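Below, each chain spelled out in residue letters.
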Amino acid sequence: MEQNLTTESLPKTLFYFSLPYLLSYFLQTLYGMADLFIVGQFYGVASTTAVSIGSQAMHMLTVLLVGLAMGATILIGRATGGGDRKQAALAIGNTVTLFLFLSAVLTIVLLFAVKPITAVLSTPAEAVADTASYLTVCFAGIPFITAYNIISSIFRGLGDSRSPMYFIAAACAANIALDYLFIGTMGLGAAGAALGTIAAQAISVFTALAVILKKKTGVPLSSRDFRPDKATMEGLLKIGIPVALQDGFIQISFIVITVFANRRGLDDAAAVGIVEKIIGILFLIPSTMLSSVSALCAQNIGAGKHERARLALRYAAFTAVLWGVAAVVVMQFFAEPFIGLFTEHTAVISAGSQYMRGYVWDCLLAGIHFCFSGYFCAYGLSGISFLHNFMSILCARIPLAYFASVYFTSTLLPMGLASTAGSMLSVLICAGAYMKLDKKNIINPVSN
């Protein structure tokens, strides 16, 4: 399972490492969208809204876990790149210990917070009961969600991006089948969608454990590696906490925008929820580049190959920009057909297409600052990623979205552009930080 990312042709390495990442993200997004699509086939706008709001809350939780797990990917990647198997084993063991404790705490706390969360999200009255049911089932399955994401982060730190793809493929197939069973056949509605998602995550975890037992990880583990080690825990948290916070703030901004939309009525609420799902697909390439850059650069930095890490950033950013341009062009002309895949309501399609045409520009700009974030994290400078995202949310995304919701009541286009403005600010901050750090020889010290 352990793979070296420091020697072969860089474009080839980036392609073959990022492709399974991309397919994994696609499959994960697909089974997330399956809930919304299948519920829409059997139920009305209220149930669709409940699943879109509930899944957004769950997405926030997931990105927090993935962000925190970035510390594991980076530490394991550096140790693997430097050939230090003992340190890699210690990072793996401490990661498991940390997240076992975290998942138990989250499960208990969030199960008691279902009603307050539903209220904070300004859920339309018609969708409150279904949203609460959806969240209750999902929160009960947090241990499986945590386990999948941690196992995946460990594999990717070892340079193996293929195994997580197989795990999520099993989950995707199971989720679609279970959704039709629980939602269509058994008539469980939004709760059935949540049950299908959690059961699918459990299947992916058991699949992963079977693979680990059969193939081994290539890094020998002992009971000592699972005992909390101060330096290792500090390393995990030093990298992971800023990334988790930045991802959390981004999701909070999305939720705040959702709240603004929810207050405009059921049609706008459903439109924003549907667009968020489609945007999730469009962001697959930027998200893939972020994760690939962080893992690939971590191994190369561990091996002392700083110029190769810099080139990885450039190749990834170029790929993300090309994808962003294509997404912008397509959605300017074909937004309505894509929204129409999820609903037949004319008002929702109209509002969703407006929101999409503004929001899709974010895909282009986010691809750039995502790559910078992965690069900074590989150097242990995740605080920069937190800073630019925090500033973009505080100074652009939320205030501009609020302004748009109040003064542009007949269209969602300006609310979509608010996110784009936030990404523009992030790009400027990242570019400035990169030039300053490069000048001071903090990054890429070999060539300076």
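Further up the page is the structure itself.
What you see is a predicted model, and the numbers here were worked out from it, not measured in a lab.

A. A look at the environment of S223. By the secondary structure assignment, S223 is in the loop between α8 (189-215) and α9 (230-262). The exposure class of S223 is exposed, given its relative accessible area of 53%. Between the C-alpha atom of S223 and that of K86, which follows or precedes it by 137 residues, the distance is 13 Å.

B. A look at helix α16 (residues 413-439). Between its terminal C-alpha atoms α16 stretches 40 Å, which fits the 39 Å expected from 27 residues at 1.5 Å a residue. Looking one or two places after α16, you find N441, whose phi comes out positive at around 60 degrees.

C. A look at the nonpolar core. Ranked by internal contacts, the top residues of the largest apolar core, which has 115 residues, are Y134, M356, Y375 and F376. Top contributing element to this core by residue count: helix α2 (residues 45-81), with 15 residues. Not counting residues within four places of it along the chain, the set of residues in contact with F376 comprises L381, S382, I384, S385, C430, A433, Y434 and L437. Y148, V205, A208 and V211 belong to the second-largest nonpolar core, a separate cluster that totals 15 residues.

D. The side chain of N300, seen in detail. Within the element layout of this structure, N300 appears in helix α11 (residues 284-302). Here the side chain of N300 touches L296 through a polar contact of 2.8 Å, landing on its backbone oxygen.

E. Structural detail: a nonpolar patch on the surface. Together, V325, V329, V330, F333, F334, F338 and L341 give the surface a local cluster of nonpolar side chains, amounting to about 650 Å² of exposed area. Positionally, F333 belongs in helix α12 (residues 306-340). Take F333: its relative accessible area is 62%, and that puts it in the exposed class.

F. Region of the structure containing the pattern of salt bridges. On inspection of all chains with the given rule, the structure shows 4 salt bridges. Linking R310 and E307 is a salt bridge whose minimum nitrogen-to-oxygen distance equals 3.6 Å. Of the two residues, R310 and E307 both sit in helix α12, 3 residues apart, roughly one turn of that helix. Overall, E307 belongs to the partly exposed group, its relative accessible area being 31%. The closest approach of N and O atoms between R397 and D362, which form a salt bridge, is 3.6 Å.

G. Geometry of the packing of α9 against helix α15 (residues 382-407). Relative to each other, α9 and α15 sit at 5 degrees, their axes nearing to 9 Å. Taken together, the axes of α9 and α15 lie roughly parallel to each other. Across the contact of α9 with α15, the residue classes break down as 16 nonpolar, 7 polar and 2 charged.

H. Highlighting α11. Under the 1.5 Å per step criterion, the end-to-end length of α11 is 27 Å for 19 residues, consistent within 8% with the ideal 27 Å. Buried residues dominate α11, accounting for 17 of its 19 residues. One or two steps after α11, the chain reaches G304, where phi turns positive at roughly 80 degrees.

I. Representation of the packing of helix α10 (residues 266-282) against α12. Packing of α10 against α12 brings their axes to within 12 Å, and their N-to-C directions diverge by 150 degrees. In this structure, α10 meets α12 at a crossing whose hand is right-handed. Residues I274, V275, I278 and L282 of α10 touch α12, and the partners they reach there are W323, A327, M331, F338 and I339.

J. Just the environment of I198, in detail. By the element assignment, I198 lies in helix α8. Take I198: its relative accessible area is 10%, and that puts it in the buried class. Residues I198 and C138, 60 residues apart in the sequence, show an inter-C-alpha distance of 6.3 Å. When sequence neighbours within four positions are dropped, the list of residues in contact with I198 reads V137, C138, G141, F144 and I145.

K. Representation of the packing of aromatic side chains within the structure. For the structure on display, the rule yields 13 aromatic pairs. Taking 6.2 Å as the distance between ring centres and 65 degrees as the angle between the ring planes, the aromatic pair formed by F144 and F206 counts as edge-to-face. Here F144 is found in helix α6 (residues 142-157), whereas its partner F206 is found in helix α8, with 62 residues between them in sequence. The class for F144 is partly exposed, based on a relative accessible area of 31%. Classification of F206 by relative accessible area gives exposed; the value is 52%. Between the aromatic rings of Y355 and Y359, the centroid separation amounts to 5.3 Å while the plane-to-plane angle is 65 degrees, which identifies the pairing as edge-to-face. Separated by 4 residues within a single helix, Y355 and Y359 lie in helix α13 (residues 346-359), roughly one turn from each other. Neither Y355 nor Y359 differs from the other in exposure class; each is buried. What links up through ring pairs into an aromatic cluster is the set F372, Y375, F376, Y379 and Y434.

About the cut-offs
Residues numbered from 1 in each chain as written. Predicted model: local features only at pLDDT ≥ 70, side-chain atom pairs only at ≥ 80, totals over all residues. Heavy atoms only, no water. Helix = DSSP H or I, 4+ residues; strand = E, 2+ residues; numbered from the N terminus. Buried < 20%, exposed > 50% of the residue type's maximum accessible area, 1.4 Å probe, protein only. Expected span 1.5 Å × (residues − 1). Core = buried A, V, L, I, M, F, W, Y, C linked by side-chain atoms within 4.5 Å. Contact = heavy atoms within 4.5 Å. Polar contact = N/O pair within 3.5 Å; in protein donor to acceptor, adjacent residues only side chain to side chain. Patch = residues over 30% accessible without salt bridge, like charges linked within 9 Å, V, L, I, M, F, W, Y side chains within 5 Å. Areas by Shrake-Rupley, 256 points an atom, 1.4 Å probe, with all protein chains shown as cover. Salt bridge = Lys/Arg side-chain N within 4 Å of Asp/Glu carboxyl O. Axes fitted to C-alpha atoms, helices over the stretch in contact; angles between N-to-C directions. Parallel < 35°, antiparallel > 145°, perpendicular 65-115°, else oblique. Nonpolar A, V, L, I, M, F, W, Y, C, P; charged D, E, K, R; others polar. Left-handed = near helix turned anticlockwise from the far one by under 90°. Phe/Tyr/Trp six-rings, centres within 6.5 Å; stacked < 30°, edge-to-face > 60°.

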